[in-house]
Amino acid sequence: MTRVYPVALACLLTLLLHVHPASAQRSDDIVWVQIEAQPNLAQATARASVYASELEDVNGFALGRGWYGIAVGPYKRADAQQVLRSYVQQRLIPRDSFIQTSNRFRQQFWPVGANVLNRGVIALPEAAQTSPQSQTPEAAAETVPPPPVPAEETVSEARASEAALTGEERRDLQIALKWGGFYAAAIDGAFGRGTRRSMGAWQEANNFEVTGILTTKQRAVLLGQYNAVLDGLDMALVRDARAGIEMAMPTAEVSFERYEAPFAQYNATGGLGARVLLISQAGNQDTLFGLYDIMQTLEIVPLNGPRTRNSSSFELVGENSRVVSETRVSLDAGQIKGFTLIWPAGDEERRTRVLQEMEKSFTRLPGALDPAAGSDAQQAIDLAAGLQIRQPKRARSGFFATRDGLVVTTSEVVEGCGRITLDGDVEAEVLRADGGNGVVLLQPRSPLAPRAVAALRETPPRLQSEISVAGYPYGGVLSAATVTFGTLADIQGLRGEDTIKRLALLAQEGDAGGPVFDAAGNVVGMLLPRAAEGPQLPEDTRFAVQGSVLASTLRDAGLTPAAQFSTAPIAPQDLRRTAQDMTVLVSCWD
C-alpha cells in the first residue's frame, strides 16, 4: 500500500462514496479495519501514534460514550478483509480487529487536523500537542510514558468491592482477562494466584498501579475493553412472543422482517449484512432430525464447517469466503427452538463475541411458532420456508458406465468446482479427464449399484437413423431424466472431425453429458455442450462424442466397456425406462 495523506485520503473517500452510493448491503462498500479502542483521548492518541509509525492509512475517530477508535482505511470490503487477515497474521494489529463501517465513526482526532468523513475534528490533549509525525523515530522512542494512574480505591476497599461480586460477574472478569491474553486457566470465578497474576499483568499493561486486585473503576475499564468490539452493534434483548424466544441481538444490524414457520427472520438493516433467524416449532426427535437435514440445504448454511447432532440437539457451522453461519437448536418438552447467526467472513472476533452474547442470553418462553405463520409468503421449488435453497453453480447430465457407479460426463460441468455430486447428494471426484474430447470420468466416493449401465456401441449407426438423448434439461427440477428424440445428421463434425458426430436434435443446456442412444438402446455417444463462441448454428444442430472415443477413455483408465447388448429396435417406453435408470444428474458446487 502507498501512504495516503489527509487531503488525498479525503478526496479518495469522497470519490469512492460517489462511485458506490450508500448501499448498505453492497459487498464493495467502503469500510475500515478497526484495530483498537481506548477509553480516553490521551491514550487513543498515544496508541494511534504508535500504529502510525508501523502502518499506513491510520486514522482515529470518536466512537461515542467516551471511547475512541483507531482504524486503518478506507478500503473496499474485499480489500479490507485481505488487509485484516494479512495484518493479523503478521501480528501488526490485535487479533480482535474487525471490519467497521463509516457510519460508526464520529469526529476525527488522528491524523492531526484530518477530517476525511467531514464530521468535525477533535483537538489533541495538551500532552500530545507536539505532533508525533514531526518527531524523529529516536525521539519518539525516548518519550517517557506518563506515571501510573493512581487507584481510586485502596487495596482494602478494592477487595471489599470485589467480595460483593456474583459468581457470574467474577467469571466475566476472567473471560475478559482471557480474551485480552492475560489469563489462560479455567473460567471458574475463583480468584487464585493465576487470576491475581493476570490482573496484575493487565494493570501494568494499562498503566495502573500493580496490586493484583482490580478496583471498581479498573473492572469497568477491563469490561469496557472486552465489550468495545460490540460497540455500535447495539446488543439488546429482543423478546419474540410468537416464537417463544428472548435473546440478545445486534439491533443496529438486524431487525424483524417476517415469519415463515419455523423461522422468524431478522434481516440486515446495517452495513455488515448480518442476519439472525429464530427457530421455533412444536415437534419430536423426528422433527428435529428433519430440520437438521433441511437446514443443510439452505444457502445461508455453506457446505464447509463442522456439524454435530445428538438425540435432542444439533449445531451447524457453515463458512465460505463470504459468510460464516452458526446454528444452535435443541428439543425440550416437545418444542424445538434455537437460532442461526449469519455474519460476514473475516470479522471473527466480533462474530464470536456476538455469538457468545446470543447463547448466553437465549431464553425459552412459553409457546412455539404457529406452523401456518408466513404461509402467504412467496413459494417456489427453490425455497424452503421462504429461505433460498442452496443451488449448484452448474448442473449437467451423465451416465453410468460400470457396475460400481463410475459416471461418464462432459468436462464442462466439472470446471472450477469445489465439490461435485451425483443425483444431488453422492459426492464424486474426477478419475480421468480427456480434455481434448471433452470427456470426464467421475468416481463416486462411495460405491453405487446402478440399475442400468451403458452398453457402448463403438461403430456409428447409419446416417439419418433415429437417435435419442437422455438428460436433465432443467437442472434437476424434474425428478427423472427426460428423453429427446432426433436423427443422426452426420458421422463427423462440420470440419470433418472423426471423433464427433452431428445430430439433428433440440436439446437443452442441462442435457449436455447425457448418453446418446441408437434405436436398439445402445449408447453410441455423449452429448456435448453447445459452443459458447463461434458461429451461431441452428437450434437443432448439436454434436456428440463418438462411442469409440468413450470406450478408449474407459480403457485408458483400466476399465472394460460393457458389450453391445442388442441389435433389434426397442419400444420407446422401454428405452425411456433404461435411460432413466442409467442417467444421472451431475452438479458442480462452489
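Because the structure is predicted, anything quoted here is derived from the model rather than measured. (Residues numbered from 1 in each chain as written. Predicted model: local features only at pLDDT ≥ 70, side-chain atom pairs only at ≥ 80, totals over all residues. Heavy atoms only, no water.)

### Observations concerning the pattern of salt bridges
- Scanning all chains against the criterion turns up 24 salt bridges.
- The partner of Arg-351 in a salt bridge is Glu-326, and the shortest N-O contact between them spans 2.6 Å. Linking Arg-351 in helix α10 (residues 348–361) with Glu-326 in strand β13 (residues 323–332), this pair joins segments that are 25 residues apart in sequence.
- Overall, Glu-326 belongs to the buried group, its relative accessible area being 9%.
- In this structure, Arg-353 engages Glu-357 in a salt bridge whose closest nitrogen and oxygen atoms are separated by 3.3 Å. Within this pair, Arg-353 and its partner Glu-357 are both found in helix α10, separated by four residues, close to a single helical turn.
- Arg-353 sits in the buried class, given a relative accessible area of 1%.
- When salt bridges that share partners are traced, they join Glu-315, Glu-326, Arg-328, Glu-348, Arg-351 and Glu-359 into one network. (Salt bridge = Lys/Arg side-chain N within 4 Å of Asp/Glu carboxyl O. Helix = DSSP H or I, 4+ residues; strand = E, 2+ residues; numbered from the N terminus. Buried < 20%, exposed > 50% of the residue type's maximum accessible area, 1.4 Å probe, protein only.)

### Some details on the pairing of strand β10 (residues 275–282)
- The element β10 is largely enclosed, with a buried count of six among its eight residues.
- As paired elements, strand β9 (residues 263–268) and β10 share four bridges and run antiparallel to each other. Its bridge partner lying in β10, Gln-265 is registered against Leu-277.
- With antiparallel pairing between neighbouring strands as the criterion, β9 and β10 make up a hairpin whose turn holds six residues, including Gly-273 at a positive phi of roughly 80°.
- Bridging between β10 and strand β14 (residues 335–344) involves eight bridges; their strand directions are antiparallel. In the strand pairing of β14, Ile-279 is matched with Gly-338. (Pairing = 2+ DSSP bridges.)

### Considerations on unusual backbone geometry
- Residue Gly-73 is joined to Pro-74 through a cis peptide bond whose omega torsion reads 5°.
- Mapped onto the secondary structure, Pro-74 falls in strand β3 (residues 67–76).
- Of note, the amide linkage connecting Trp-110 to Pro-111 takes the cis form, showing an omega dihedral of -5°.
- Structurally, Pro-111 can be placed in the loop between β5 (108–110) and α4 (137–141).
- Notably, Asn-118 is not glycine yet its phi reads approximately 60°, a positive angle.
- The class of Asn-118 is exposed, set by a relative accessible area of 66%.
- Unlike most non-glycine residues, Asp-234 shows phi in positive territory, near 55°.

### Re the sheet that holds strand β18 (residues 394–400)
- Read around the barrel, six strands follow the order β18-β19-β22-β21-β20-β29 and close on themselves; strand pairing throughout is antiparallel. The average undirected angle you get between the axes of adjacent strands in this sheet is 40°.
- Two elements, β18 and strand β29 (residues 583–589), share six bridges in a ladder whose sense is antiparallel. Of the residues in β29, the one forming a bridge with Arg-394 is Cys-588. (Axes fitted to C-alpha atoms, helices over the stretch in contact; angles between N-to-C directions.)

### Focus: the confidence of the model for the chain
- Here the chain averages 85 in pLDDT, while 88% of its residues score no lower than 70.
- The low-confidence segment residues 1–28 (pLDDT under 50) makes 44 contacts with residues lying over four places distant or belonging to another chain.
- Taken together, the stretch residues 130–145 has pLDDT below 50 and engages in eight contacts with residues farther than four places along the chain or on a different chain. (pLDDT = per-residue confidence, 0-100. Contact = heavy atoms within 4.5 Å.)

### Points about the packing of aromatic side chains
- Under the criterion given, the structure shown has 10 aromatic pairs.
- With centroids separated by 5.8 Å and ring planes inclined at 75°, the aromatic side chains of Trp-32 and Phe-105 adopt a geometry described as edge-to-face. Here Phe-105 lies in the loop between β4 (98–101) and β5 and Trp-32 lies in strand β1 (residues 30–38), a separation of 73 residues in the sequence. You'll find Trp-32 and Phe-105 in the same group, each marked buried. (Phe/Tyr/Trp six-rings, centres within 6.5 Å; stacked < 30°, edge-to-face > 60°.)

### Brief notes about the state of the cysteines
- Applying the stated rule across the entire model yields one disulfide.
- Each sulfur in the disulfide pair Cys-417 and Cys-588 lies 1.9 Å from the other. Between Cys-417 and Cys-588 the sulfur-sulfur dihedral comes to about -125°; the bridge is accordingly left-handed. One end of the pair, Cys-417, is in the loop between β19 (407–410) and β20 (419–422); the other, Cys-588, is in strand β29, and 171 residues separate them in sequence. (Disulfide = S-S within 2.5 Å.)

### Some remarks on the environment of Ala-470
- Along the polypeptide, Ala-470 turns up in strand β23 (residues 466–471).
- Separated by 11 residues in sequence, Ala-470 and Ala-481 place their C-alpha atoms 6.2 Å apart.
- Look past the residues within four positions of Ala-470 in its chain and what remains in contact with it is Thr-482, Val-483, Asp-511, Gly-514, Pro-515, Phe-517, Ala-579 and Thr-583.

### Some points on the pairing of β3
- For β3, the tally of buried residues reaches nine of 10 residues, placing the bulk of the element in the interior.
- Relative to β3, strand β2 (residues 58–64) is paired through six bridges, and the arrangement is antiparallel. Bridge pairing in β3 places Gly-64 opposite Trp-67.
- Between β2 and β3, which pair antiparallel in sequence order, lie two residues; one of them, Arg-65, sits at a positive phi of approximately 55°.

### Overview of the sheet that holds strand β12 (residues 313–319)
- Reading across the sheet, the seven strands line up as β8-β9-β10-β14-β13-β12-β11 and stay open at both edges, with antiparallel pairing between neighbours. Both outer strands of the open sheet, β8 (254–260) and β11 (307–309), are each paired with one neighbouring strand and no more. Direction aside, the axes of adjacent strands within the sheet are offset by 10° on average.
- On top of the sheet, helix α9 (residues 285–295) reaches β9, β10, β11, β12, β13 and β14; it is set at about 5° to β12, its chief contact.
- Contacting β10, β13 and β14, α10 runs over the sheet at an angle of about 160° to β14.

### Section: helix α2 (residues 41–52)
- Along its 12 residues, α2 runs 16 Å from first to last C-alpha, staying within 8% of the 16 Å computed at 1.5 Å per residue.
- Taken together, the buried positions of α2 are Leu-41, Ala-44, Thr-45, Ala-48, Ser-49, Tyr-51 and Ala-52. Relative to the axis of α2, the buried residues are bounded by an arc of 165° and lie together on one face.
- Looking at the buried side of α2, the elements it contacts are β1, β2, β3 and β5.
- Between the side-chain oxygen of the N-cap and the backbone nitrogen of Ala-42 there are 3.2 Å, and the N-cap of α2 in question is Asn-40. (Expected span 1.5 Å × (residues − 1). Arc of directions from axis to C-beta. Polar contact = N/O pair within 3.5 Å; in protein donor to acceptor, adjacent residues only side chain to side chain.)

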